[in-house]
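Report on the structure
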Amino acid sequence: MSPEIKQNETTFDGYTIGMWSIGVISFMMCTEYEPWEIPCDTDAQFYYFARGYLADIIAKQGIKLSDKLLDLLQWMMVANPRARLYLSQVHAHP
């Protein structure tokens, strides 16, 4: 569930919610674990993910992912939906 859905915002963009979901699923496929329990700042794991600390969290877990993959996942799962990547940006990502 994306943060904007969890926060029950009245207007949202289905495409950015989809990108969020693809980011979470991709993360789970690459790491074999869920990134957080709930997409809310009270969840410490989510708090740091949403603020751009994905690489630090992964390093502490001892998981090896390429810098390019970390960058892609981070921008797919940024908390601000206006800052998330569009599908065309994902396709163009190295």
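These notes cover the structure that comes with them.

The rules behind these values
Residues numbered from 1 in each chain as written. Predicted model: local features only at pLDDT ≥ 70, side-chain atom pairs only at ≥ 80, totals over all residues. Heavy atoms only, no water. Helix = DSSP H or I, 4+ residues; strand = E, 2+ residues; numbered from the N terminus. Polar contact = N/O pair within 3.5 Å; in protein donor to acceptor, adjacent residues only side chain to side chain. Contact = heavy atoms within 4.5 Å. Patch = residues over 30% accessible without salt bridge, like charges linked within 9 Å, V, L, I, M, F, W, Y side chains within 5 Å. Areas by Shrake-Rupley, 256 points an atom, 1.4 Å probe, with all protein chains shown as cover. Salt bridge = Lys/Arg side-chain N within 4 Å of Asp/Glu carboxyl O. Buried < 20%, exposed > 50% of the residue type's maximum accessible area, 1.4 Å probe, protein only.

This part covers the side chain of aspartate 43. Its place among the elements puts aspartate 43 in the loop between helix 2 (14-31) and helix 3 (44-50). Looking at aspartate 43, its side chain comes within polar contact range of the main-chain nitrogen of glutamine 45, at 3.0 Å. Leaving out residues up to four positions away in the same chain, aspartate 43 has contacts with Trp36, Glu37 and Ile38.

A cluster of nonpolar side chains, contributed by Met1, Ile5 and Phe12, occupies part of the molecular surface with about 320 Å² of accessible area. Note on placement: phenylalanine 12 falls in the loop between helix 1 (3-6) and helix 2.

Our next topic: helix 5 (residues 67-76). Among all positions of helix 5, only Leu70, Leu72, Leu73, Gln74 and Met76 are buried. Buried residues belonging to helix 5 abut helix 2, helix 3, helix 4 (54-61) and helix 6 (87-92).

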